[in-house]
Amino acid sequence: MFGFEDLPKFFFSFLIVLPLVAITHQLGHLIVAILFGGRVDFTIGRGKTIFKKGKFKIKSVYFLDSFCVYEELKIDNRFTHAFVYAGGIIANLASILIMNGLVVYSTVEPSLFSYQFVYFSVYYVALSLLPIKFSETTSSDGRAIYDALRYGKIACNPD
């Protein structure tokens, strides 16, 4: 049962852990897009911009969302685009393995952070793989991967 004594854990998870998982996911897209020579815009959050440096922005509601938009890959084919879309999932899977390895080898003590980071990362991977079209211009990573491989279609936004 959820009680008032659980509120600090809830806010910690919602305001710290979940945004870190989302940023890890988007960093995966960013790194893969850069590896293939893409130009990337990286935004953390929604709302009013509170910090901007080049193509990196932090918005006022930082915990709500983050996204990465890329353009013009130098290596431009359906497989590279599918790999960019899969980059977030790969980053989340890698972070799960790294966190579990750090806990197993006693480098990091098991804690609320490590437990929830892995927990949210598993959900991020599972939900990202669902082939869902959100609108005409955005779809889940799973749908974007499918469209890129099957039809050669490139989504406007990798998330």
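Starting from 1, residues in each chain are numbered consecutively following that chain's sequence as written. Reporting of local features is limited, given that this is a predicted model, to residues whose pLDDT is at least 70; pairs of side-chain atoms are given and counted only at 80 or more, and all residues count toward the totals for whole chains, interfaces and linings. Remark: hydrogens and water are excluded; side-chain values derive from all non-hydrogen atoms of the structure.

UniProt positions are given in the numbering used here, feature names are shortened, and annotations may be inferred rather than shown by experiment. Turning to the protein, the UniProt annotation filed under Subcellular location (unreviewed entry) states: "Membrane". Taken verbatim from the UniProt record of the protein, the Cofactor (unreviewed entry) comment is "Zn(2+)".

For the rest of this paragraph, the subject is the overall build of the protein. Of the regular secondary structure elements, the protein holds four helices and two strands. Secondary structure elements in the protein, listed N-terminal to C-terminal, are α-β-β-α-α-α. Within these notes, the globule rule equals 2.2 Å times the number of residues to the 0.38 power, and the radius of gyration is based on C-alpha atoms. In terms of overall dimensions, the protein is globule-like: its C-alpha atoms have a radius of gyration of 17 Å, near the 15 Å expected for 159 residues. Buried, partly exposed and exposed residues are distinguished by accessible area as a fraction of the type maximum, computed with a 1.4 Å probe on protein chains only: under 20%, between the cut-offs, and over 50%, respectively. For the protein, the proportion of its 159 residues judged to be buried stands at 38%. Across the protein, every contact between residues at least 6 apart in sequence was considered, and the portion connecting residues at least 24 apart equals 56%. In this count, Lys and Arg are taken as positive residues and Asp and Glu as negative ones, while His and the chain termini are left out. Every charge is mapped onto a representative atom, which is NZ of Lys, CZ of Arg, CG of Asp or CD of Glu. If the 15 positive side-chain charges of the protein are averaged to one point and the 12 negative ones to another, these points end up 8 Å apart. Numbering goes from the N terminus for both helices and strands, where a helix is a DSSP run of H or I of at least four residues and a strand is a run of E of at least two. Residues count as neighbours in contact if any of their non-hydrogen atoms are within 4.5 Å of one another.

With 20 residues, the main nonpolar core has Tyr70 and Val84 as its most contacted residues. For this core, the elements supplying multiple residues, two or more each, are α1 (7–35), β1 (39–53), β2 (56–71), α2 (78–104) and α4 (141–151). Once residues within four sequence positions are removed from consideration, Val84 is found in contact with His29, Val32, Ala33, Phe36, Tyr70 and Leu73. Put simply, a nonpolar core is a bunch of buried Ala, Val, Leu, Ile, Met, Phe, Trp, Tyr and Cys residues held in one set by side-chain atoms that sit within 4.5 Å of each other. Residues Ile96, Met99, Phe117 and Phe120 belong to the second largest nonpolar core, which totals seven residues.

Right, let's talk about the pattern of salt bridges for a bit. The working definition used for a salt bridge is a side-chain nitrogen of Lys or Arg within 4 Å of a carboxyl oxygen of Asp or Glu. Scanning the entire structure with this criterion turns up five salt bridges. A salt bridge links Arg39 to Glu72; its shortest N-O distance comes to 3.6 Å. Of this pair, Arg39 sits in strand β1 while Glu72 is found in the loop between β2 and α2, placing the two residues 33 residues apart along the sequence. When the shortest N-O distance is used, the salt bridge between Lys55 and Asp41 registers 3.4 Å.

Let's shift gears to unusual backbone geometry. Glycine aside, a negative phi is what most residues show, and trans is what most peptide bonds show. The phi angle at Glu72 is positive, at roughly 45°, despite the residue not being glycine. A relative accessible area of 57% means that Glu72 is categorised as exposed.

For a helix, the expected span equals 1.5 Å multiplied by the residue count minus one. Taking 1.5 Å per residue as the helical rise, α2 with its 27 residues ought to reach 39 Å, and the 38 Å between its terminal C-alpha atoms agrees with that figure. What we call the bend at a residue is the angle made by axes fitted to the seven residues finishing there and the seven residues starting there. At Ala86, α2 shows its maximal bend, which comes to roughly 40°. Identification of polar contacts relies on pairs of N or O atoms within 3.5 Å, with a donor-acceptor requirement for protein atoms, meaning one able to donate a hydrogen and the other able to accept it, and with residues adjacent in sequence counted only if both atoms are side-chain atoms. If you check the start of α2, you find a side-chain oxygen 2.8 Å away from the backbone N of Phe79, and it comes from Asn77. The first or second residue beyond α2 is Ser106, which carries a positive phi of 55°.

What follows deals with the environment of Leu30. For Leu30, the position within the fold is in helix α1. Classification of Leu30 by relative accessible area gives buried; the value is 18%. Linking Leu30 and Tyr85, residues 55 residues apart in sequence, is a C-alpha distance of 9.7 Å. The residues contacting Leu30, other than those within four sequence positions of it, are Val40, Phe42 and Cys68.

Pairing of aromatic rings covers Phe, Tyr and Trp, the last through its six-membered ring, and needs centres within 6.5 Å; plane angles under 30 degrees mean stacked, over 60 mean edge-to-face, and all others mean tilted. A complete count under the given rule lists 11 aromatic pairs for this structure. Seen in terms of ring centroids, Tyr115 and Tyr119 are 5.9 Å apart; in terms of plane orientation they differ by 20°. Their pairing is stacked. Taken as a pair, Tyr115 and Tyr119 lie in helix α3 (residues 112–129) at a separation of four residues, close to a single helical turn. Owing to a relative accessible area of 38%, Tyr119 belongs among the partly exposed residues under this scheme.

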